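Commentary on secondary and tertiary structure
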Amino acid sequence: MSTAKRSRTKKAGMAPGTLMHIGRERSVATQIEVTEYDASHLDHRQVDSLAKCLVRKPSPTVSWINVDGVSEVDVLREFGACYGIHPLVLEDILATDQRPKVEDYGDYLYVVLKMISPGKPGEEIHSEQVSFIVGADYLISFQEGLDGDVFAPIRTRLKNEKSRLRSTGPDFLLHGLLDVVVDNYFVVLEQLSERIEDVEDDLIANPAPATVHGIYRLRRQMLFLHKVVWPLRELVGSLQRRDSELIQDGTVIYLRDLYDHTVQVLDTLETLRDTVSGMIDIYLSSTSNRLNEVMKVLTIIATIFMPLSFIVGWYGMNFKNMPEYDLPYAYPVVLVVMAAIATGMVVYFKRKRWW
Amino acid sequence: MSTAKRSRTKKAGMAPGTLMHIGRERSVATQIEVTEYDASHLDHRQVDSLAKCLVRKPSPTVSWINVDGVSEVDVLREFGACYGIHPLVLEDILATDQRPKVEDYGDYLYVVLKMISPGKPGEEIHSEQVSFIVGADYLISFQEGLDGDVFAPIRTRLKNEKSRLRSTGPDFLLHGLLDVVVDNYFVVLEQLSERIEDVEDDLIANPAPATVHGIYRLRRQMLFLHKVVWPLRELVGSLQRRDSELIQDGTVIYLRDLYDHTVQVLDTLETLRDTVSGMIDIYLSSTSNRLNEVMKVLTIIATIFMPLSFIVGWYGMNFKNMPEYDLPYAYPVVLVVMAAIATGMVVYFKRKRWW
Amino acid sequence: MSTAKRSRTKKAGMAPGTLMHIGRERSVATQIEVTEYDASHLDHRQVDSLAKCLVRKPSPTVSWINVDGVSEVDVLREFGACYGIHPLVLEDILATDQRPKVEDYGDYLYVVLKMISPGKPGEEIHSEQVSFIVGADYLISFQEGLDGDVFAPIRTRLKNEKSRLRSTGPDFLLHGLLDVVVDNYFVVLEQLSERIEDVEDDLIANPAPATVHGIYRLRRQMLFLHKVVWPLRELVGSLQRRDSELIQDGTVIYLRDLYDHTVQVLDTLETLRDTVSGMIDIYLSSTSNRLNEVMKVLTIIATIFMPLSFIVGWYGMNFKNMPEYDLPYAYPVVLVVMAAIATGMVVYFKRKRWW
Amino acid sequence: MSTAKRSRTKKAGMAPGTLMHIGRERSVATQIEVTEYDASHLDHRQVDSLAKCLVRKPSPTVSWINVDGVSEVDVLREFGACYGIHPLVLEDILATDQRPKVEDYGDYLYVVLKMISPGKPGEEIHSEQVSFIVGADYLISFQEGLDGDVFAPIRTRLKNEKSRLRSTGPDFLLHGLLDVVVDNYFVVLEQLSERIEDVEDDLIANPAPATVHGIYRLRRQMLFLHKVVWPLRELVGSLQRRDSELIQDGTVIYLRDLYDHTVQVLDTLETLRDTVSGMIDIYLSSTSNRLNEVMKVLTIIATIFMPLSFIVGWYGMNFKNMPEYDLPYAYPVVLVVMAAIATGMVVYFKRKRWW
Amino acid sequence: MSTAKRSRTKKAGMAPGTLMHIGRERSVATQIEVTEYDASHLDHRQVDSLAKCLVRKPSPTVSWINVDGVSEVDVLREFGACYGIHPLVLEDILATDQRPKVEDYGDYLYVVLKMISPGKPGEEIHSEQVSFIVGADYLISFQEGLDGDVFAPIRTRLKNEKSRLRSTGPDFLLHGLLDVVVDNYFVVLEQLSERIEDVEDDLIANPAPATVHGIYRLRRQMLFLHKVVWPLRELVGSLQRRDSELIQDGTVIYLRDLYDHTVQVLDTLETLRDTVSGMIDIYLSSTSNRLNEVMKVLTIIATIFMPLSFIVGWYGMNFKNMPEYDLPYAYPVVLVVMAAIATGMVVYFKRKRWW
């Protein structure tokens, strides 16, 4: 994210609508994948350029154009010209630090959100921005193209002629794409929940300052998730209320279902956050408890040996006329007295439950 | 719950409406219990299959079909076909990690919530998802079927001809079922409140880190309860506002009563949560207090014996020409001086209220 | 309250409207006190039974029927029959753990709230549930009847012919009764505020773990008050908005005044809660401060005497050829060195402001 | 404030509208100051009694009647009779623990708020209740009359013929009076902010438990300010929305300006509260830091001298056959060993950054 | 800010609309910069006085008058007279402690906000108040003129004939100016985020009380940013809802984009605040951890050497008849016993993971 912010700083003062990529760079060229389908036909192909603006015409088929990689500003500009996309939308697609939102531009909807998948072992969450332009008979998706996507199930379902996707418009395709994105949130949450359990075990077995850092890393990840899911809920809620003409009646019920899923994600997240904030309290209380135990050991040791050391020091004094020195039973008596003192101390501490 | 989540992960990317059980497995087969009743008749039977779609016809009798066990996907599919239930509803019934909610599908209402009962001794709260499909003349309830249910009082009341249940429609039956579910929330809360008192006694008698873990276990259970009761309140509130045609006028006043009960559950829960969060503060303050006491003992011991040990060490020095060694009253004088120092210290600590 | 909850558990699964007393038992029989009045007449009497349903007729006089003790279910049932009270209302009157609320049943209003008065010395707040049924020309009040009530000022005002109460309807009587109840909240708050000052003095004079327990006892009482006053505000607010036909125009301005009082109670309560939560911080900071002081004493003692003890130990060594032993000024020199070390330490600690 | 509350307790159970002074007593008699003005004339006089109800008639002049001291119930009663003020309003004027509010009685507005000014050095905030009755051509202000008022600037502006005050009605006079009251809130906030800086300096120079008490005193004062400013914002907001006919169009824009000022007061207050709550954290962290430093000193001392003392103790043993005693270089060797141990310790602690 | 507040105190009691500068003084004279432009022409000049009220006439050109320095009250008064600006607006322009807001005066909008830029190295955030008066064909901006402004990109864009700015009205110019202001918020946030990372490194490398002060300084800066961005969001939101006639349709979409930016600023700020509040917890836990470690070292040292010192003290006693003194192997045996004790202790601590 810090990369993104840095770039935004560079952009300060530019005219609105100025196209400039904000985010992590990718060296590979932009790839475009076009899928045209209706109930009976499906045509899938890879294209390299936007020659002849692709499939622009009122047609019974639905086109899904998936653009992988948004760092090439020229490609975006061509799209904008072909499909009449507002410059501000193009600017938002390029700036990969958008807050999830939906915007209605009459002819098309602009939807932007985060596509999240579990990072590799030992890594953070893998997050990528994905934008959708949804028109009457087309849907264009723009990905950052960093590491593949989560849309495989949709491609599979599209190949199935009986799928509801094939007989409905781009709004249902939008639902499908959003649905797999949200499903992957559950996957990430589960992974997170396992990592929380690991840290919890750590906390009990061997609480160290590193554990606290681990807890805060988890907390920050959950905060990040919260930041991307919270507006997503609003986004789906707004689609479900059919604020736009582009959403068909039949899709609404599915969007309501999706809305429930986002609420569930937020609920689970909330539970995890509560667990994690409890862990910090447990850490602090176990730390202060260990301090207590250490102090008790020190106090017991000192309380037993200080009086005894005083007594042996006493009889180390070199006064000429200390009568005890010459008494025959003085030594055993002192020995017994010291044993009595030590025993008394131990009994006292046992009573006070210090031992 | 973690089992449930794991399964949801497996389901990621499936088409919406795909039926797949999410939750804990149960080996026993699904059992179906049908009760048809009106003011004068009552017919109760167990059926094994859904042959002839059971009781589907406009009729003066009310049918309550109780399905015990939702892991068999085929049975659900049959129900869907017979009663025209939307695939998304069937999917929700199978996924046993639903947030409590009510959905109006015109012909029928879909209500889902958690049925809670006290766990066995030493166990957590026993929680099970229960779904209701409420039509004009039928109510279908789907339970996970893990460990019996809490509907016995309803079955008893149905046998009583004079019961209001017998002369009213499925909406009043729904109220009855929701009512016993909420009544069991009170039972669980009472059990929880007793466990809190136990932990509180523990806290005063012998505060240990295990106590903190106990407090957090309680807190997590209350968080879970809050998560299931909070949307339940909304659910009952929405029913009470008669958003649906399926709720009769006469039932509304009973739903208002039920609404009050859910608010009372939330209130009691809130009080318990406050008590528990106060317990953590008490634990921390008693820990820091014990530390203080331990430190005082250590300091008193050290402050008394260190000067005395210094003095006896002094007269253990082997200098040839230490005149004190030869004075006849040196020993008793040193003895008196040390007694005076010790007494002075004790008096000083008494004054400072350290003793 | 735990008694009440236990009973609610017993009631789990009963049909709604089943009359069963929930709460603390009272051995004395129910007492009924009837006051009929208009501008010119006042009739006050005690009755034992509800023979002939008392005063039921459209009449110019207003009747106030005060029922002391609600544990006798039969009496309640009679009232229900005579005045056409809904079974759910009767059930709520019997269940003495109701949340304050007002319910409009068309012919009558049902109002339930907590009547609070200061407990005896050393005791908690004395709380009792009181319910009002307000019709067009009558008001019935139901008290738990545990320990007298706070309505004496109303009885006195009713005896005064010029009182506004005498020339207005039962809605103004309701206002009067609510008003004395809220006035007693101020009395309890004042008592609480005094107890808080006591604990605060304790906190400064002699902070002990018992003080923390005292603070939490106060906090719990304030939480309880908050729970009963918060819905009371809503209750009065709803009456004041004249949602019901039974409230006359002239009474509204008095209810607005009462509403201000409840807001003031909440404000005062909020201030007290803030004071109390600050006390815990003060306790913790004074505890950690005392620990600091104890540790400083220990450190000063140890830092002064450990080097000195080392030196006297040094000259207690028995090596044959320690030249110092034979030097004539060795002893005084060592003495001076030790005095210098001790003085240096003291000066150092004074500089560091440790002393 | 506690005096006020005590009186409210005394008033418990009185009929609404019973006039009784609640608050601090003032021995001096009530003083009444009448100012009649229009664009061309200004008449200012002191009156002692309300003979002939003063200036009651529809007239082109505006009358401002300032009543200093509200403890004389009879004066209030006369005002009530002359100007037709509702008994509940008179009761509120007498009870000096009102929450700031505005009430519309049709013919007149009743506005009550706190007039605040900085206390004398070493004192708390000086707070006094002030009430306004605003009619079509008069404004009556009631002060507690404890220690002068803040209205001098208004008196001065009234003397200026070109002042907008002279050509407008009592609503603009109300704005003027509210404006100087709010201006004095800024003065108090600035004083408070200086006191916070003092405590902050204290916190860094010499953190003591007294500092914590100081912080909590500040916090309580800010809580008090919050309590009086928060409803004031609502009050001004409600006036600005012109809920009443008595507010002229031209005044609204000035009330909007005043509204901005109250929001600014709240903002500043919020910043100060945040600063103060941060101070407690700083105090705690500096306390725990000093504890750390004290402990380090103790540990260093003990760790260096305990081994050394052990060694010198060793050679204080009186065994006959300890060969070291007779070796000629034993003493210097032991001396060197001890120096090495001490040096090693110091190096170790330096490495661990403990020194 | 404290300077500003002090001045506000001085202003207490003045008539509303009295012009008086509140804020930091600037010695340099006010400078006025006038830019008149339409699609084809651009005229840029510096003026010293407001002779002939500059460009006041309905005209096709747009005028941007940028006033640098608001401390000269007379200049403001002239502007007020020329452009018919309300005295309260002029007062607000002069008082540089305004809360960001937009006010609609029919003929013109008044917009006030904070212009923020990164301070010089080692300095705080540089903040300056900027006000805009937006009429039908003119925009007047008033800056405090302390240290330059951030409007350079706008001046550059205005010189470009093809810029959208040139063909639109002052509302789009307002958008442009607000846009660069908000862009600079991102720059400041980035700088802050770097400073947070520095403090975080500090926290891990060498946690000291100074770090806590650093954290609180950061927190206060973020609080300040929150205070200026939060109302800014409302401000832009209100412009975007086109509450005023002065905002053209075509500008709304750009304002929506700007609104998104302010929300993004708030989001980033929220993340930073959460990071910082976590840092305090980390500091406290690492402090308490170091205390634990220090205490462990002390306890280990004391626990090993106290028994050993006791033993060597024992054999320093001068009793005549201690038989051990004469046994030939006594010394080696004691030596072995002490070694065994020391080894046992070390093993014990290793087991307890203290070492």
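Residues numbered from 1 in each chain as written. Chains lettered and ligands numbered in written order. Predicted model: local features only at pLDDT ≥ 70, side-chain atom pairs only at ≥ 80, totals over all residues.

1. Structural notes on the overall build of chain A
- Broken down by element type, chain A carries eight helices and seven strands.
- A globule of 355 residues ought to have a C-alpha radius of gyration of about 20 Å, yet chain A, at 35 Å, is considerably larger.
- Its C-alpha atoms give chain A principal-axis dimensions of about 120 × 45 × 30 Å.
- Residues counted as buried form 41% of the 355 residues belonging to chain A.
- Sequence separation of 24 or more characterises 67% of the internal contacts of chain A that already satisfy a separation of 6 or more. (Helix = DSSP H or I, 4+ residues; strand = E, 2+ residues; numbered from the N terminus. Rg over C-alpha atoms; globule rule 2.2 N^0.38 Å. Buried ≥ 20, exposed ≤ 12 C-beta atoms within 10 Å, placed from the backbone. Contact = placed C-beta atoms within 7 Å.)

2. Side note on helix H3 (residues 87-94) of chain B
- Most of H3 of chain B sits out of view: six of its eight residues are buried.
- If you follow the buried residues of H3 of chain B, they end up packed against helix H2 (73-83), strand E5 (109-117), strand E6 (126-134) and strand E7 (138-143) of chain B.

3. Describing the interface of chain E and chain A
- With 48 residues of chain E in contact, the opposing surface of chain A contributes 46 residues.
- Contributions of two or more residues to the side of chain E that touches chain A are made by helix H4 (152-159), helix H5 (170-205) and helix H7 (249-314) of chain E.
- With 30 residues, the top contributor of residues to the side of chain E that touches chain A is H7 of chain E.
- Classifying every residue of the side of chain E that touches chain A gives 19 nonpolar, 18 polar and 11 charged. (Nonpolar A, V, L, I, M, F, W, Y, C, P; charged D, E, K, R; others polar.)

4. Observations regarding the sheet that holds strand E2 (residues 42-47) of chain C
All names here are of chain C.
- If you trace the seven strands from one edge of the open sheet to the other, you get E2-E1-E3-E7-E6-E5-E4, paired in mixed fashion. With partners counted over all chains shown, the strands left at the sheet margins are E2 and strand E4 (101-104), one partner each. The mean angle between the axes of side-by-side strands here comes to 15 degrees, regardless of whether they run parallel or antiparallel.
- Strand direction decides the pairing type here: strand E3 (residues 62-68) and strand E7 (residues 138-143), joined by six bridges, are parallel. Opposite asparagine 66, over in E7, you have serine 141 as the bridge partner. (Pairing = 2+ DSSP bridges. Axes fitted to C-alpha atoms, helices over the stretch in contact; angles between N-to-C directions.)

5. Some remarks on the interface of chain A and chain B
- Facing the 48 residues of chain A at the interface are 46 residues of chain B.
- Taken together, the elements giving at least two residues each to the side of chain A that touches chain B come down to helix H4 (152-159), helix H5 (170-205) and helix H7 (249-314) of chain A.
- It is H7 of chain A that provides the largest number of residues to the side of chain A that touches chain B, a total of 30 residues.
- Of the residues that constitute the side of chain A that touches chain B, the class distribution is 19 nonpolar, 18 polar and 11 charged.

6. Some points on the packing of helix H7 (residues 249-314) of chain B against helix H8 (residues 330-351) of chain B
Residues and elements named next belong to chain B.
- Relative to each other, H7 and H8 sit at 165 degrees, their axes nearing to 10 Å. The orientation of H7 relative to H8 falls into the category roughly antiparallel. In the crossing of H7 with H8, the sense of the turn from one axis to the other is right-handed. Here H7 contributes Ile300, Thr303, Ile304, Pro307, Leu308 and Ile311 to the contact with H8, which in turn contributes Val334, Met338, Ile341, Ala342, Met345 and Phe349.
- Here the residues of the contact of H7 with H8 sort into 11 nonpolar, one polar and no charged. (Parallel < 35°, antiparallel > 145°, perpendicular 65-115°, else oblique. Left-handed = near helix turned anticlockwise from the far one by under 90°.)

7. Observations concerning the UniProt feature "transmembrane region" (unreviewed entry) in chain A
All names here are of chain A.
- Summarizing the sequence annotation, UniProt attributes the feature "transmembrane region" (unreviewed entry) to residues 297-317 and 329-349 in the numbering used throughout.
- The span residues 297-317 is 86% helical and 0% strand by assignment, and the distance between its end C-alpha atoms comes to 30 Å.
- Split by type, residues 329-349 is 95% helix and 0% strand. Its first and last C-alpha atoms lie 30 Å apart. (UniProt positions renumbered as here; feature names shortened; annotations may be inferred.)

8. Things to note about the relation of the copies chain A and chain B
- Of the transformation placing chain A onto chain B, the axial shift is 0.0 Å and the rotation is 72 degrees, giving an RMSD of 0.1 Å. Interpreted geometrically, this transformation is the action of a five-fold axis. Judged by C-alpha distance, glycine 316 of chain A is the residue of chain A that lies nearest the rotation axis, at 4.6 Å.
- Counting the interface residues of chain A, we find that no more than 19% of their copies in chain B are interface residues as well, pointing to two distinct contact surfaces. (Least-squares fit on C-alpha atoms with pLDDT ≥ 70 in both.)

9. Re the domain arrangement of chain A
- What the domain assignment lists for chain A is domain 1 (2-284) and domain 2 (291-351).
- Each of domain 1 of chain A and domain 2 of chain A has a C-alpha centre, and the two are 75 Å apart. (Domains from an automatic or database assignment.)

10. Re the relation of the copies chain E and chain A
- When chain E is fitted to chain A, the residual RMSD is 0.0 Å, and the transformation amounts to a turn of 72 degrees plus an axial shift of 0.0 Å.
- Comparing contact sets, just 19% of the residues at the interface of chain E also lie at the interface in chain A, consistent with a heterologous contact between different surfaces.

11. Examining the pairing of E6 of chain B
Residues and elements named next belong to chain B.
- Bridge count between E5 and E6: nine bridges; the pairing is antiparallel. Across the sheet, the residue bridging to lysine 114 is glutamine 129, located in E6.
- Across five bridges, the pairing between E6 and E7 is antiparallel. Along E7, the bridge assignment pairs isoleucine 133 with isoleucine 140.
- Counting the residues between successive antiparallel strands, the hairpin from E6 to E7 contains three residues.

12. Points about the nonpolar core
- Residues Val111 of chain A, Val111 of chain B, Val111 of chain C, Val111 of chain D together with Val111 of chain E are the most contacted members of the largest nonpolar core, which totals 360 residues.
- Those residues within four positions of valine 111 of chain E in sequence are excluded, and the remaining contacts are Val102, Ser131, Phe132, Val134, Leu174 and Leu235 of chain E.
- Within the second largest apolar cluster, 89 residues are counted, among which are Val312 of chain B, Leu291 and Ile304 of chain C together with Ile304 of chain E. (Core = buried A, V, L, I, M, F, W, Y, C linked by C-beta atoms within 7 Å.)

13. Describing the sheet that holds strand E7 (residues 138-143) of chain D
Residues and elements named next belong to chain D.
- Judged by pairing direction, the sheet is mixed, and its seven strands sit side by side in the order E2-E1-E3-E7-E6-E5-E4 without closing on themselves. The open sheet has two free edges, formed respectively by strand E2 (42-47) and strand E4 (101-104), since each of these has just one partner strand. Strand-to-strand twist in this sheet, taken as the mean axis angle between neighbours without regard to direction, amounts to 15 degrees.

14. A few points about the environment of isoleucine 311 of chain B
Residues and elements named next belong to chain B.
- Along the chain, isoleucine 311 turns up in helix H7.
- Put simply, isoleucine 311 and threonine 61 are 250 residues apart on the chain and 102 Å apart in space, counted from C-alpha to C-alpha.
- Residues in contact with isoleucine 311, not counting those within four places in the same chain, are Val334 and Met338.

15. Points about the pairing of E2 of chain C
Residues and elements named next belong to chain C.
- Sparse coverage of E2 is indicated by the burial of zero of its six residues.
- Sheet topology note: the strand E1 (residues 31-37)/E2 ladder contains six bridges and is antiparallel. Paired with glutamate 33 across the two strands is glutamine 46, which belongs to E2.

16. Examining the environment of leucine 94 of chain A
Residue and element names in this part refer to chain A.
- Relative to the elements of secondary structure, leucine 94 occurs in helix H3 (residues 87-94).
- A tally of 24 C-beta atoms within 10 Å means that leucine 94 is categorised as buried.
- Along the sequence, leucine 94 and isoleucine 196 sit 102 residues apart, while their C-alpha atoms lie 34 Å from each other.
- The contacts of leucine 94, once residues within four sequence positions are left out, are Leu19, Met20, His21, Ile22, Val70, Val73 and Leu76.

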